[in-house]
Amino acid sequence: MYPARYESWFATESQELDSQSSCASPILDLDQISYDLDHASWTHNPTLSPIDINARSLDDSINPDTSVLFSTTLPSSIHPTGTQSDASDTAIIPFSDDSDTLPLEPDILLKSNTPADLMRLFSANLIQRRAGTHRWEIECPDCKAWIKTTLPTRILSNLDAPGYFNTLSDHRQGKKCLKGRNQADSSPSLSAASGSASSISLHFTPSDTSHTINACPGVPIHWPVPGPSFLETFPVGRASAGQGVLPFDIDTRGNIPHAYSQNCAGATTTSMSPCSGCTEVVGFIEHLLSLAQDTKPHTKYRFLSHSDMVNVARQYSAENNRLKLKGLNDARRVSHILTQLDDYKSLIMALSENNIPRLQHILTVALKRGSSIRQIINTLEDSLAGAYHPRGYTGDDLDMAVLAYRLGGRALLHAFSHRLALPSLRTLQAHRNFTSITPTIGPITPDQLDSNIKNLLLNPLSDSSLPRRGYSVLMDEIALEERASHHRASNSVIGLCHSHSHLVDPSLHTYNSALRIAEKLAEGKIHLGKEMSVIAVGSFGDDEIFPVLAAPTCKCEDSEKMISIFMLIRDRWKETGAEEKLGPIFSFATDGDSTRRAAGHRLFLKTELSMTSKLYGTLSHMQGLNLATGEGWCTLLRNRKGMKLVNGHTVNRAVLARYLSWLPDQDETSILKLLNPDDPQDVPRAIELMQAIITLSKNEFDTTTMSVGECADIAAIKILGAVLESILLPFIDVTLSLHQQIAHLSRYAHLTFTFFRLHRSAFMQHVLYYNSQTMVKNACFCVAKQQKLDGSQKFWLIQTGNDRLEKLFSIMRMRGQHNSAMNYSQALDRIGAAKDIDTVFKKHPDLESGSRRLKITRVEGLDHIRCDLWVGDVVASHCDLPSAWKDGHDKALTVLTDAHVSAVCCAFNEFFLQDGCDLMRPWGKNKYLGITSDIDGHGIESSVNSASGLPILSESILVAGPTSVEEETELDEDVLTLEEALTHDVAFGSPNIDHTIPSTSHPDTPVLVSGPGINPDDYLLVHGKYIHKETICRRVLNKYFIAKSLNRQERVYSTGFTKVNCQRELPGRSITGGDTFIIGDVFLTIIRINLTVTIALVRSTSIEHHSITRHDILASNIRTPDVKLTGQILTLIPMHQPAEQRSWLWTGDYVKTRSEIQGIKQTTEKVVEITVPGLLVELVNPETMCVCMCDDINSDKFFALNNLGNTWIIEELALSLACDTLWRNACEHSISIKNILHIPTPSDPSMFPYALPDGSAGIVCIEASQQLAAAELGPLDDCPLCGVKTDSMRAHIGIHILRASHGIKETLKEEVGLTYPCGFCGQSGRNECKIQIKVSSKGSVSLETRCPYFHVFRYANADIGSKNRPSRNVPLKCELCHPSLTPVTGKKSRAESGFVDAVWHYNMIQHLDDVHPQYAHPKNPTGHPLPLDILNTFTLTSLEQRDASIPELQWLMPLFDSDDDKENQPGPSTRKRKNKNTGNTNAKKARKSA
């Protein structure tokens, strides 16, 4: 190749692609040419280059007639000074012996060592250069080392600037150069003129003999290019100025052309060798030779040789001739096409003007024959004229005919056959087999299943090669009209329930057979089918399903019956060879029927998966997965159908309604429809609600502007969104792979497991938990089975449900059109038709309109997700189940960690190491939720037999017959009897059809009349007339038939179910002011815990007003008896502050209590949720504070808070005031201490009642607590005045009061009250000591008081007194203040008065002085005399005064003496005991009222 510095001489490919007409090239700058060849490289190697470098001398003969190409003169000679000489006649220039050094003075220049001086030496060729790896290098004249310059080798430029020699100048001053110079002292230097070793100068030392300078012979050009001559094959276009111009001249004189460089020195010291300038063109000549030998098609014309240009001209000529020929051919072809266009126009006109039957078939046949357009037109004309009738139908024609027949019947198919040329019914029957289900007559038998499996699956699929896939058994029911029908093929009555039809012979041989069946129906021993149980089989990988059983049922089956049906299906699948030919059964999919759930649990969760199983190696690595299964790897599947989250935070409908309004696409109306759908089974609406919650949970909110309650709600909604997303996306996101679907299900299983262990039924109902976990388990098992069966097949998770069977039911109802009701006979026909229609729809999905209930979006035209719509990778072998399960586990841990769930609650490894604990058995001990004894007592469906471990279900008994208990009215004389109705000519049937056959003259043996359409076997003899068997079924067996409503919801509600979504709550108003209390706000109330009445800060979760749930309520309407608030108690901890400045902070958690798990000796924490009346509610609006700003609290206790650490803070003074206020409200509204809500002891007693840092109770209502202690522990037996224990506080305190009233001094801890002391405690002025009395018309006494020292006593005995307890200090009703009305004889007693204020016996004199001073009494003898009955109520006996140690001189004597006065006996009084039990009764009354 040519040297690198010649790259600019040759055009690049992009430059050569320019216009071929351009021949101009840029002018070559010869100053940019550098040289890197030395004399050592002049030795020629013939094997590497075709150029002969043997130079010729100037003495060689030259033909003067041969022209010189590109140059007319030879190179001039070189003067000894290095410059060209003008003399052309000097050929040899010898050096003289006395020749001196060069005038450049190299020694001086080397000594100065400046870059400029070194450049002058380089210009004089005294310093050599070469091309390095990346940069140009120059040789040091001292140490002979090569020094790199700053000029890259890719730049073909001369070293014409002093800056390029800076590196050499620096090198010569360094130690490295000095060391190299010393090593080279023994070597001959460039100059020996100077004897000094310290300086080196460049001199030409003359030799002993003279040297001869010869003329440069140039470089001979050997040009082995095929062609006429050198000039015709050489690129002569490069001689012009421009890019790529030749850097040398060529001398064509002679046999071999020679090249002379434009930098040729003209002379050389070596004989017959070119100069250094000419030697450098060798590489360029080689490159030109390679280009000439392999000319590129994109080379510019100016770079081509004359021979190449001739070839280009010839190519253009050939292309011109080809285009001319093509133009002639195109003209001929256009003429032909125009003729064809006329034919096509004729065809279009024929199609537009005539309705040609079976046009598509005619065109298809014609095209197969290769007919032309003209022949097709002729065929169409013959078809219109009736001379041509196309034969044969395509598969699409037959499919359309099936749709027409199955949807519209025989009449529609006949119309389409004549108008649209579809196949007729006879043709259709010859080419297609319609689906026909074998009816269930009597019990379910193996023959029925075998017949359906062979006819519907094995025979149609025997010719097709199907991949090995697993199959799922789908089971569900569809409603039936309770009517019997006659089945002609078996001469039997069909429509009887399969569970009890074995009790009667269904054959219809005689009329007595029908009467026998009717008798059994009336007795309730057999029943007509209310629903039809349909069992279908479908593969994982195909949307088509095949019904194999359709049996009428009365819904009386128990679990044992269902187990036998499941086992029968599984066994017949194997026995018929379906498992070997098609594939094994993977799962049984059912709906929410509890009987099937119990049966499936007993059958399919029988044993643990064996270690020898093929699935064990895969499923055993999925930690927590329940490995219980049945025989043959079958698993049970449950369909996918306010909860507490995080730390017990409640999310209910009201909370969702509040925050869904934050979404831009939701308003009040749309939210109301989402939360209260008209149809509870509206699946699209449910999915829309779930998607809205997921969207809300993913939104980023500015928590700095949100309240503490809103932050807590949003945190709980985020958790709810994660749970819903995990269970929803695997079934609706078509972009997910099977690995991602399993990971989502794993995350759902671990999240629900964690929250269920935390909150149990408060998070999710047990049956729902069992169903959803079973669904996850079934999906994992089915994927593992498919991997072992054939991992290359696809597995669609959406096929694990029974949606395909529900879709088949929708087609059945669609066939009913305006009447979707059907009996069993009609249902058999419709399910066969539905199967045929569904098969056609699977082939032509564009023909199906879709089902509204199964759509996942409201967009018209988009049906529920089908397998062909799924774009994710669902190949079974591409899913690594253990790793996908682990991914879901890790994602669940991430969600739980972000939600601040304690690590103890997420210790899955420890949980699953417990005995029998897995995702389906969260408590271990082999306890399945919803199947065994249900925890918390919710939804208990079965109990467990300790011997067998299987659930025992109670059988439900249904009684058939009319539901009315009214007696049937007697028939009138003119009303026909049953037999008369059967034999009457017009009693039944259509007026155009006679179902009776008239009898002959011999009524005993009538002769049947034969005729078209009459089958004698379809008639029975009834009282001398033949009656059609269908008529007998209708008149005899369906006697009490009542048509069901066509509205599904009305049918459900009529059977006793209540409407689940009946709106018993009112939506909230827009929250615009602070006078509205909404769900989520906090309030204060008082509650009882042990013997303490304390304050509680509660966050509301529900508002009920007049038994109607509301989202909000006006604050002014709360404190009424009709309002009830439900909420959760917040946990508060105090700040380390003085008592008068102390505040309390919410930790983010709620008060929890221990709750026992039934059947297991374990307890879990459960959030305490209370309901209090509005009378005991005090609203509060706590402030917000950041925990991070508090230095005197332990931040670890606020782990449950949101990420910002914002919480509520409330002052202790406000809590104390609210506690006292609420207690006063309770007293004012006569709310007893026992009616105040009581909660059990919390799991952490330090959290509630709110405790101070030292552990003592923080806010306690002392007065209420004392009353509570008295009510709970019984009466106090320590006297509050003297401290003496007593068994009758009333009698003991009465002595102290009596002494105080007489001025007798005692040594007491507390003095007796001065005014109206309480008879139980002796204190005065206390509200709780206020006592009221009610005396009934019968004399019974009731008392009410809140004194903590109150105790039950017998009022009648205490009023009389005794020797042991002479004190008669009892509450009295003042007849002066509250006179009693005398009953009127002969009339009903007036309404009894209520409780009135009572006056204690020993306080009566004080009462008279204060309230009735006009009356006289023992201490005030002046005044009006008191009535005797009133006076005797408060007189004192000598015994009670003596017992009180009152001096006799101070005894109070009666104003009027009485002969009847006896010791400790009261005077005459109107109050007399009715009987001896009056005292007991009064005491009980008083105890009850107290």
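Residues numbered from 1 in each chain as written. Predicted model: local features only at pLDDT ≥ 70, side-chain atom pairs only at ≥ 80, totals over all residues. Heavy atoms only, no water.

**Comments concerning the overall build of the protein**
At step 1: The number of helices and strands found in the protein is 40 helices and 44 strands.
At step 2: Every one of the 1490 residues in the protein was classed for burial, and the buried ones make up 48%. (Helix = DSSP H or I, 4+ residues; strand = E, 2+ residues; numbered from the N terminus. Buried < 20%, exposed > 50% of the residue type's maximum accessible area, 1.4 Å probe, protein only.)

**Brief notes about the sheet that holds strand β2 (residues 129-131)**
At step 1: Pairing is antiparallel in the open sheet, where three strands are placed in the order β2-β3-β4. The two strands at the open ends of the sheet, each matched to only one other strand, are β2 and β4 (146-152). Shown here is a sheet whose adjacent strand axes are inclined to one another by a mean of 30°, direction ignored.
At step 2: As judged from the four bridges shared by strand β3 (residues 135-139) and β4, these two strands associate in the antiparallel manner. Paired with Glu137 across the two strands is Lys148, which belongs to β4. (Pairing = 2+ DSSP bridges. Axes fitted to C-alpha atoms, helices over the stretch in contact; angles between N-to-C directions.)

**Section: the nonpolar core**
At step 1: Leu619, Ile1095, Ile1129, Trp1146, Phe1248 and Tyr1250 are the most contacted members of the largest nonpolar core, which totals 153 residues.
At step 2: Among the elements that make up this core, the one with the highest residue count is helix α23 (residues 708-732) (16 residues).
At step 3: When near neighbours in sequence (up to four residues on either side) are disregarded, Ile1095 contacts Leu1084, Thr1085, Ile1086, Leu1215, Ala1218, Cys1219, Leu1222, Phe1248, Tyr1250 and Ile1259. (Core = buried A, V, L, I, M, F, W, Y, C linked by side-chain atoms within 4.5 Å. Contact = heavy atoms within 4.5 Å.)

**Observations regarding the confidence of the model for the protein**
At step 1: For the protein, per-residue confidence averages 75 on the pLDDT scale, and 76% of positions sit at 70 or higher.
At step 2: Low pLDDT, under 50, characterises residues 852-863; the predicted model gives this stretch 29 contacts beyond four residues in sequence or across chains.
At step 3: A low-confidence stretch, residues 933-1003 (pLDDT under 50), is modelled with 111 contacts involving residues beyond four sequence positions or located in other chains. (pLDDT = per-residue confidence, 0-100.)

**A short note on the pairing of strand β14 (residues 545-553)**
At step 1: In terms of burial, β14 is a largely internal element, nine of the nine residues being buried.
At step 2: Summarising the sheet, strand β13 (residues 531-539) and β14 pair through eight bridges and their orientation is antiparallel. Following the sheet pairing, Ala536 is matched in β14 by Pro547.
At step 3: The antiparallel hairpin formed by β13 and β14 contains five residues in its connecting segment, where Gly541 sits at a positive phi of about 135°.

**Section: the sheet that holds strand β43 (residues 1396-1397)**
At step 1: The three strands are arranged β41-β40-β43 in an open sheet whose pairing can be described as antiparallel. At either end of the open sheet lies a strand with only one pairing partner, and these are β41 (1341-1344) and β43.

**So, the packing of helix α20 (residues 653-660) against helix α22 (residues 683-698)**
At step 1: Contact geometry for α20 and α22: axes closest at 11 Å, N-to-C directions at 65°. By crossing handedness, the relation of α20 to α22 is classed as left-handed. Two secondary-structure elements touch here, α20 through Leu656, Tyr659 and Leu660 and α22 through Leu689, Ala692, Ile693 and Leu696.
At step 2: Of the residues that constitute the contact of α20 with α22, the class distribution is seven nonpolar, no polar and no charged. (Left-handed = near helix turned anticlockwise from the far one by under 90°. Nonpolar A, V, L, I, M, F, W, Y, C, P; charged D, E, K, R; others polar.)

**A short note on the pattern of salt bridges**
At step 1: Scanning all chains against the criterion turns up 33 salt bridges.
At step 2: Residue Lys843 is joined to Asp399 by a salt bridge in which the shortest nitrogen-to-oxygen separation is 3.9 Å.
At step 3: Here Lys843 falls in the partly exposed class, since its relative accessible area comes to 49%.
At step 4: Taking relative accessible area as the criterion, Asp399 reaches 3% and is therefore assigned buried. (Salt bridge = Lys/Arg side-chain N within 4 Å of Asp/Glu carboxyl O.)

**Section: the packing of aromatic side chains**
At step 1: Inspection of the entire model under this criterion finds 27 aromatic pairs.
At step 2: Seen in terms of ring centroids, Trp223 and Phe230 are 5.8 Å apart; in terms of plane orientation they differ by 85°. Their pairing is edge-to-face. Assigned by exposure class, Trp223 and Phe230 land together as buried.
At step 3: Centre to centre, the rings of Phe753 and Phe912 are 5.2 Å apart; their planes meet at 45°, and the pair counts as tilted. Of this pair, Phe753 sits in helix α24 (residues 738-759) while Phe912 sits in the loop between α29 (908-911) and β21 (943-944), placing them 159 residues apart in sequence.
At step 4: A relative accessible area of 12% means that Phe912 is categorised as buried.
At step 5: Lying over the aromatic face of Phe303, Arg238 brings its terminal NZ or CZ to 4.3 Å of the ring centre.
At step 6: Lying across the ring of Phe1353, Arg1290 places its NZ or CZ 5.3 Å from the centre. (Phe/Tyr/Trp six-rings, centres within 6.5 Å; stacked < 30°, edge-to-face > 60°. Lys NZ or Arg CZ within 6 Å of the ring centre and 35° of its normal.)

**Re the side chain of Ser169**
At step 1: Structurally, Ser169 is set in helix α4 (residues 166-172).
At step 2: By relative accessible area, which is 6% here, Ser169 ends up buried.
At step 3: Within polar-contact distance, the side chain of Ser169 engages the backbone oxygen of Asn113 at 2.7 Å.
At step 4: Discounting chain neighbours no more than four positions away, the residues touching Ser169 are Asn113, Pro115 and Leu118. (Polar contact = N/O pair within 3.5 Å; in protein donor to acceptor, adjacent residues only side chain to side chain.)

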